[in-house]
Amino acid sequence: EVLGGSTPGRQSELRARFEREAQAASLLRSPHTIELYDFGVADDGSFYYVMELLDGFDLESLVTKFGPLPVERAIHLLTQICHSLGEPHGDGLIHRDIKPANVYVCRYGRDVDFVKVLDFGLVKSQHQEGARTLTDVSADHAVRGTPAFMSPEQALANRPLDNRSDIYAIGCLAYWMVTGELVFTGRTAMETLVHHTQTPPAPPSRRTELPIPESLDRLVLECLEKNPDHRPPTADTVAARLKAVPTATAWTPERAWQWWDLHHPAKARAGSV
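Here the structure is a predicted model, which is why all the values come from computation and not from measurement. (Residues numbered from 1 in each chain as written. Predicted model: local features only at pLDDT ≥ 70, side-chain atom pairs only at ≥ 80, totals over all residues. Heavy atoms only, no water.)

Colleague: What am I meant to see in the packing of aromatic side chains here?
Modeller: For any pair of aromatic rings, the description rests on two quantities: the centre-to-centre distance and the angle between the ring planes. Throughout the structure, instances matching the rule amount to six aromatic pairs. Relative to Trp 259, the ring of Phe 57 lies with its centre 6.0 Å away and its plane at 80 degrees, an arrangement referred to as edge-to-face. One end of the pair, Phe 57, is in strand S3 (residues 55-58); the other, Trp 259, is in helix H9 (residues 253-263), and 202 residues separate them in sequence. One exposure class covers both Phe 57 and Trp 259, and it is buried. With centroids separated by 5.3 Å and ring planes inclined at 70 degrees, the aromatic side chains of Trp 259 and Trp 260 adopt a geometry described as edge-to-face. The exposure classification of Trp 259 matches that of Trp 260, with both residues buried. The cationic tip of Arg 73 hangs over the ring face of Trp 259; the distance from NZ or CZ to the ring centre is 4.1 Å. (Phe/Tyr/Trp six-rings, centres within 6.5 Å; stacked < 30°, edge-to-face > 60°. Helix = DSSP H or I, 4+ residues; strand = E, 2+ residues; numbered from the N terminus. Buried < 20%, exposed > 50% of the residue type's maximum accessible area, 1.4 Å probe, protein only. Lys NZ or Arg CZ within 6 Å of the ring centre and 35° of its normal.)

In structure tokens:
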């Protein structure tokens, strides 16, 4: 749709940006990042990706359908998200649109509760000049992302972005997973963005009846700090602190299999007995 309404020069620029993003995504090797097999432009001018096929739920559907996750399961999933993001962050790339719809929890071969992070379409290099992005498909300097999961600096565009903007989004994601609630909601997207830039968040433990360990409360609030300098510096730091959170029970492979066999039984393979 964007391509169809663009001038020939703009179409060429969009194709080049699309290819740069696809090339960046294809270089990522974390098992928790969606795998890209091929990309190109079809005869009718449409962009296309060929990606691996996943079987499961995105986190938006998972929490909406089944309710907030037990803390131990949320930690298990968040740690895998951090693994995915740690790789592009190490290469100076920022996802910029971490949200429940872009995190898939799936059956994956012989594993269950296996996370895949999707949609690196807004990926941005920290080393690019100004606000130029790898796949910005509208006017330069426009705000990109999803308001409910957008960092203050991303909303205000008042400072260069780095990996700590994704750390903020991880905090928003963790909040959603354990409470079933967004950190902030507004009557409009702009009102939501204003909350992210100005309003102190309530601890997750105040937004749910489920028990939330104090150390997880503290970690989530640190990820949601308005000032990036006050957030955990890396996804690896977040993962290490998640693993140190004490939980009443463990999220074991046996518990995960029981959940999947009950709520999403494996599909029979073609030709199998």
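Colleague: Hey, could you run me through a nonpolar patch on the surface in this one?
Modeller: Together, Tyr 37, Tyr 48 and Val 50 make up a nonpolar patch on the protein surface, roughly 280 Å² of accessible area in all. If you trace the backbone, Tyr 37 turns up in strand S1 (residues 36-41). (Patch = residues over 30% accessible without salt bridge, like charges linked within 9 Å, V, L, I, M, F, W, Y side chains within 5 Å. Areas by Shrake-Rupley, 256 points an atom, 1.4 Å probe, with all protein chains shown as cover. Salt bridge = Lys/Arg side-chain N within 4 Å of Asp/Glu carboxyl O.)

Colleague: Please clarify how unusual backbone geometry should be interpreted in this entry.
Modeller: Note: most peptide bonds trans; most residues except glycine with negative phi. For Asp 113, which is not a glycine, the phi torsion comes out positive at approximately 55 degrees. Mapped onto the elements, Asp 113 comes out in strand S6 (residues 111-117). Unlike most non-glycine residues, Ala 157 shows phi in positive territory, near 50 degrees. Mapped onto the secondary structure, Ala 157 falls in the loop between helix H4 (152-156) and helix H5 (163-179).

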